[in-house]
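# Notes for the structure review
So the chains spell out like this:
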There are 2 protein chains.
Amino acid sequence: MQNMDADIKIESGVVVTCNAVGDILDKGCVVIKQGRIADIGTMEAMNSWTAKETIDATGCVVMPGLVNAHTHLPMSLFRGLADDIHLMTWLNDYIFPAEAIHITPETVRIGALLSCAELLLSGTTTCCDGYFYEDSVAEAIFETGIRAIAGQGVIDYPAPGVSDPSKNIAAAISFVEKWAGRNSLITPSIFCHSPYTCSRETLIRSRNEAAYRGVLFQIHVAETKSEYDQIVKENGVSPVAYLDIINVLRPGTLLVHAVWMDEEDRKRIADRGVSVVHNPESNMKLASGIAPIPELIEQGVTVGLGTDGSASNNNLDLFEEMDVAAKLHKVSRMDPTILDAETVLNMATAHGADAIGLGKVVGSLEEGKQADLIVIDMQKPHLVPMYHPISHIVYAAKGSDVRDVMVNGKVLVKDGRLLTIDLEKLFERVAEVGRLIKK
Amino acid sequence: MQNMDADIKIESGVVVTCNAVGDILDKGCVVIKQGRIADIGTMEAMNSWTAKETIDATGCVVMPGLVNAHTHLPMSLFRGLADDIHLMTWLNDYIFPAEAIHITPETVRIGALLSCAELLLSGTTTCCDGYFYEDSVAEAIFETGIRAIAGQGVIDYPAPGVSDPSKNIAAAISFVEKWAGRNSLITPSIFCHSPYTCSRETLIRSRNEAAYRGVLFQIHVAETKSEYDQIVKENGVSPVAYLDIINVLRPGTLLVHAVWMDEEDRKRIADRGVSVVHNPESNMKLASGIAPIPELIEQGVTVGLGTDGSASNNNLDLFEEMDVAAKLHKVSRMDPTILDAETVLNMATAHGADAIGLGKVVGSLEEGKQADLIVIDMQKPHLVPMYHPISHIVYAAKGSDVRDVMVNGKVLVKDGRLLTIDLEKLFERVAEVGRLIKK
């Protein structure tokens, strides 16, 4: 038998692959070479591999890093600024004014660093972001080592960094051109805010620019009843139908929220091959409504899971989001068999990666994919005994149970500590910004 | 100024008192003497106290330990055994058979130890339990040092330890007589399973025995639609009305779940002065329904928060339960102002303590109450900056952020480590039991 040299072997954990057939290896081994998964199998089958470093995962679950398919990283600075109020009050009286005064390239960088730290420490290795000053978000991505889709925002209002809305699309294009193909950690995107904050022309132009450049087009849609009513009033059709009529619904479009929809809307989404990201905790907290996720999945739509920004959640822990997603739909349909644990886990891993266009790169533990994975310590009072690993991952574990985190084969979190940035120093800067915002 | 000697001073934290007016001290101090809170106030106001030991809570929140008003401690052994199925399938095909084979005094002790460890490590200092072999639960309470209401079960079926159901009430009475007034950590109670598993005679007799002995009477009621239909069919009235007619609804009764109710039922509950415990995650996971909690609170009913057993949750983290409770009702009513963070925090502290009859002893940080409190480390990426401590407690923090835990002035958890029992040894025993159950 040939002696092959790998960089890292992760040994003896319960390996939950999240591959297409849901393989779980009771005592498995993941072999990593040059940032990729070189091989995966039972401990015995991986015997021929030698490695420079081994990580003992006895008593742990090894699984793909989670994929947070929708967030606004810099908004961690506004977490808890205002809660328990209506969405429009929250946006107009708190969030938009705070953004107007306090959002600068530097605060975007600080807020994004904070969120990337939170994501990595709670087991998320890929996120899909949409905000402004996205170059500063990119800095935070590189500093922390997380993988991200980053979308520069387009909105027909003055936005942070863009006082003239007519220049928003140009700014988004220049962001995409700057980052396309430049670094494996960052994949640029265009983030168009919504059909109620962008003109028809803006929607069409920005969608076409994204298509021309082959990048993901993210858009909030049908989040609230009031948005639905407004679009129906102005255009005579639902938000989803409106986007379809102006040809925004194409493969490569990611619909965020998608709460207020009828059967015809769902059919349009399925027929056009667009993806959806579900953000149950934000939709619950803002009382937006419950998206018809089981129906979308039934119709073959690729659905990912997101936290939304931490100001409307109020954290970025995707373990919590999985748990809530599974439970919310059960009680709302009065059917405990709906959205079972495995379906939800796939939303937060392989299907989430598919939804944001990274399904060939990450989202499952398979030979050839990038080595983005996490090791969860299951030796905790709330995680023993373990009869079914997927049940524990979805219903019992939390982000704080994540012990090690790896992106591109590089260890970013070890024994629950983030290796890439100095948190104490970051917290000092965060406290300064927080004091200004609180005033 | 007099120099007074205390045992412990907890200094410089943000003190969230959960007292009747919701006082929060930005830089507060809690003084502990002989297991009680001897004094509480600003750092300056507490200057005259000296103490043998000081705990620095800079950058932390200090608050009352959480009160989990409904759980079944030993059921941690069945967590994740079966999920995503109907309640009756879950009970009849998985839980009841597993209980029949595997529940013994020793496994009850092991399962309860595991749950007490989980509760303490996630910031719960008081729980209200109902199960069988409750003497073994009491052992776990003493070993770990948690405070508990413990109710020996009454059910008209053969139950663990009681093959002849007619002896269930006698067993419950003897449990109450054994533990009443014996130790401040344990307060005995009678736990009557439900109106659909107990005869009218059993309900009346066990309620009277509880009243005669002045102990809490816990009962599951109106959990599912099928229970509701069955009671209506058999008795011509709703489950709550049925309990009222047979005089079970009296002060000192704790109604668990209380999901399926109409306006008249709610009025009966309010008029009779009985308390309710809300278990949103279990009700969601089993698709039981959504209890009318905002209405009950509006009508002046004392409502606590519980996790239910960890087999239907699937953890005992009351921080998660607070978060989900606040969000579930917002989305189900389409009103983001419902069940605000402070209301939910009170359910998990002062009101929960009131609901289980311990409101004069614990549930808030006030002079004279027992020193049951927790210190939460807020220097985490998901908890800075902090604009409003209650927002972070309910919407952003989790059990794993709890640094120190104290019951009766005794430190049980320090720097996230449980001091009272050896977890590694416990996990070995748990693994043995788990292997038998898995077979």
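### Describing unusual backbone geometry
Of note, the amide linkage connecting valine 384 of chain A to proline 385 of chain A takes the cis form, showing an omega dihedral of -10 degrees. Topologically, proline 385 of chain A is positioned in the loop between strand S14 (373-377) and helix H14 (389-396). Here asparagine 313 of chain B and asparagine 314 of chain B are connected by a cis peptide whose omega angle stands at 10 degrees. Residue placement: asparagine 314 of chain B occurs in the loop between strand S13 (303-305) and helix H11 (318-333). Of note in the backbone geometry, alanine 222 of chain A takes a positive phi value of approximately 55 degrees without being a glycine. Counting through the fold element by element, alanine 222 of chain A comes out in the loop between strand S10 (216-221) and helix H6 (225-235). Residue class for alanine 222 of chain A comes out buried when judged on its relative accessible area of 0%.

### A few points about the packing of helix H4 (residues 168-179) of chain A against helix H5 (residues 200-213) of chain A
A packed helix pair is summarised by two numbers, namely the angle formed by the two axes and the spacing between the axes. Residues and elements named next belong to chain A. With their axes 11 Å apart at the nearest point, H4 and H5 run at an angle of 10 degrees to one another. In this view, H4 runs roughly parallel relative to H5, as classed from their interaxial angle. Of the residues in H5, those in contact with Ile169, Ile173, Val176 and Glu177 of H4 are Thr202, Arg205, Ser206, Glu209 and Arg213. Of the residues contributing to the contact of H4 with H5, the split by class is three nonpolar, two polar and four charged.

### So, the packing of aromatic side chains
The description of an aromatic ring pair rests on the distance of the ring centres and on the angle between the ring planes. All told, the structure shown has six aromatic pairs over all chains when counted by the stated rule. Note on phenylalanine 175 of chain A and tryptophan 179 of chain A: the rings are 6.5 Å apart at their centroids and 50 degrees apart in plane angle, and the pair reads as tilted. A residue pair is termed a helical-turn pair when its members lie 3 or 4 positions apart in one helix, as phenylalanine 175 of chain A and tryptophan 179 of chain A do in helix H4 at four residues. Using a relative accessible area of 7% as the deciding quantity, one classes tryptophan 179 of chain A as buried. Taking the centre distance of 5.3 Å and the plane angle of 45 degrees together, the rings of phenylalanine 142 of chain B and tryptophan 179 of chain B count as tilted. Taken together, the residues phenylalanine 142 of chain B in helix H3 (residues 134-144) and tryptophan 179 of chain B in helix H4 (residues 168-179) connect sequence positions 37 residues apart.

### Details of the relation of the copies chain A and chain B
With an RMSD of 0.0 Å, the fit of chain A onto chain B corresponds to turning through 180 degrees and sliding 0.0 Å along the axis. Taken together, the rotation and translation relating the two chain copies correspond to the operation of a two-fold axis. Using C-alpha coordinates, one finds that chain A approaches the rotation axis most closely at serine 400 of chain A, a distance of 3.3 Å. A share of 100% of the interface residues of chain A reappears at the interface of chain B, consistent with the copies meeting face to face through the same patch.

### Description of the interface of chain A and chain B
Chain A puts 62 residues into the contact, and the matching count from chain B is 62 residues. Contact with chain B buries surface across chain A, with Asp84, Pro381 and Tyr387 of chain A losing the most and accounting together for 15% of the total. Inspection of the region where chain A meets chain B yields six salt bridges. Our count for the chain A to chain B interface comes out at 27 residue pairs in polar contact (both at pLDDT 80 or more).

### Structural notes on the domain arrangement of chain A
Residues and elements named next belong to chain A. Assigned domains of chain A: these are domain 1 (4-64 + 361-418) and domain 2 (66-355). Computed over C-alpha atoms only, the centres of domain 1 and domain 2 are separated by 28 Å. Of the residues lining the interface, 30 residues belong to domain 1; the matching set on domain 2 comes to 30 residues. Around 2200 Å² of area is buried between domain 1 and domain 2 when both sides are counted, 69% of it from carbon and sulfur atoms.

### What to know about the nonpolar core
Formed by 117 residues in total, the largest nonpolar core has its most connected members in Phe78, Trp90, Leu243 and Met322 of chain B. With 10 residues, the single largest contributor to this core is helix H2 (residues 105-121) of chain B. Here this core spans two domains, since at least three of its residues come from each of domain 1 (4-64 + 361-418) and domain 2 (66-355) of chain B. Residues in contact with phenylalanine 78 of chain B, not counting those within four places in the same chain, are Tyr387 of chain A together with Ile95, Ala98, Glu99, Ile103, Tyr131, Ala311 and Ile437 of chain B. Counting 116 residues, the second-largest nonpolar core is a separate cluster that includes Cys127, Phe217, Ala311 and Ile421 of chain A.

### So, the pattern of salt bridges
Using the criterion set out here, one finds 50 salt bridges over all chains in the structure. With a shortest N-O distance of 3.1 Å, arginine 109 of chain B and glutamate 106 of chain B are connected by a salt bridge. Taken together, the positions of arginine 109 of chain B and glutamate 106 of chain B, both in helix H2 and three residues apart, correspond to about one turn of that helix. Since its relative accessible area comes to 18%, arginine 109 of chain B is described here as buried. With a closest N to O distance of 2.8 Å, lysine 267 of chain B and aspartate 271 of chain B form a salt bridge. Linking lysine 267 of chain B with aspartate 271 of chain B, this pair stays in helix H8 (residues 263-272), spanning four residues, or about one helical turn. Residue classification places aspartate 271 of chain B among the partly exposed positions, given a relative accessible area of 47%. Through salt bridges that share partners, Glu106, Arg109, Glu143, Arg429 and Glu432 of chain A make up one connected network.

### Describing the pairing of strand S6 (residues 66-71) of chain A
Residue and element names in this part refer to chain A. Counting buried residues in S6 gives six out of six residues, a clear majority hidden from the surface. The pairing of S6 with strand S7 (residues 124-131) spans four bridges and is parallel. Residue pairing in the sheet places threonine 71 in a bridge with aspartate 129 of S7.

### Here we look at the layout of surface pockets
As a volume, the largest pocket reaches approximately 1300 Å³. In this structure, the largest pocket is lined by 47 residues; those nearest its centre are Lys380 and Ser400 of chain A together with Lys380, Ser400 and Asp401 of chain B. Among the elements of the structure, helix H2 (105-121), strand S15 (402-407), strand S17 (417-418) and helix H15 (423-438) of chain A together with H2, strand S15 (402-407) and helix H15 (423-438) of chain B are those that each provide at least two residues to the lining of the largest pocket. Split by residue class, the lining of the largest pocket holds 13 nonpolar, 14 polar and 20 charged. Size it by volume and the second largest pocket reaches roughly 750 Å³. In terms of lining residues, the second largest pocket is bounded by 24 residues, among which Val14, Gly59, Gln379 and Met386 of chain A together with Lys438 of chain B are the most central. Of all the secondary structure elements, the ones that give two or more residues to the lining of the second largest pocket are strand S1 (4-16) and strand S2 (24-33) of chain A together with H15 of chain B. At seven residues, the largest contribution of residues to the lining of the second largest pocket is made by H15 of chain B. Classifying every residue of the lining of the second largest pocket gives 13 nonpolar, six polar and five charged.

Cut-offs applied
- Residues numbered from 1 in each chain as written.
- Chains lettered and ligands numbered in written order.
- Predicted model: local features only at pLDDT ≥ 70, side-chain atom pairs only at ≥ 80, totals over all residues.
- Heavy atoms only, no water.
- Helix = DSSP H or I, 4+ residues; strand = E, 2+ residues; numbered from the N terminus.
- Buried < 20%, exposed > 50% of the residue type's maximum accessible area, 1.4 Å probe, protein only.
- Axes fitted to C-alpha atoms, helices over the stretch in contact; angles between N-to-C directions.
- Parallel < 35°, antiparallel > 145°, perpendicular 65-115°, else oblique.
- Contact = heavy atoms within 4.5 Å.
- Nonpolar A, V, L, I, M, F, W, Y, C, P; charged D, E, K, R; others polar.
- Phe/Tyr/Trp six-rings, centres within 6.5 Å; stacked < 30°, edge-to-face > 60°.
- Least-squares fit on C-alpha atoms with pLDDT ≥ 70 in both.
- Buried area = accessible area lost by both parts, 1.4 Å probe.
- Salt bridge = Lys/Arg side-chain N within 4 Å of Asp/Glu carboxyl O.
- Polar contact = N/O pair within 3.5 Å; in protein donor to acceptor, adjacent residues only side chain to side chain.
- Domains from an automatic or database assignment.
- Core = buried A, V, L, I, M, F, W, Y, C linked by side-chain atoms within 4.5 Å.
- Pairing = 2+ DSSP bridges.
- 1 Å grid on protein atoms, 1.4 Å probe; cavity = no way out; pocket = protein on both sides within 12 Å on 5 of 7 lines; lining within 4 Å.
- Points joined across faces, edges and corners; volume = space filled by probe spheres on them.

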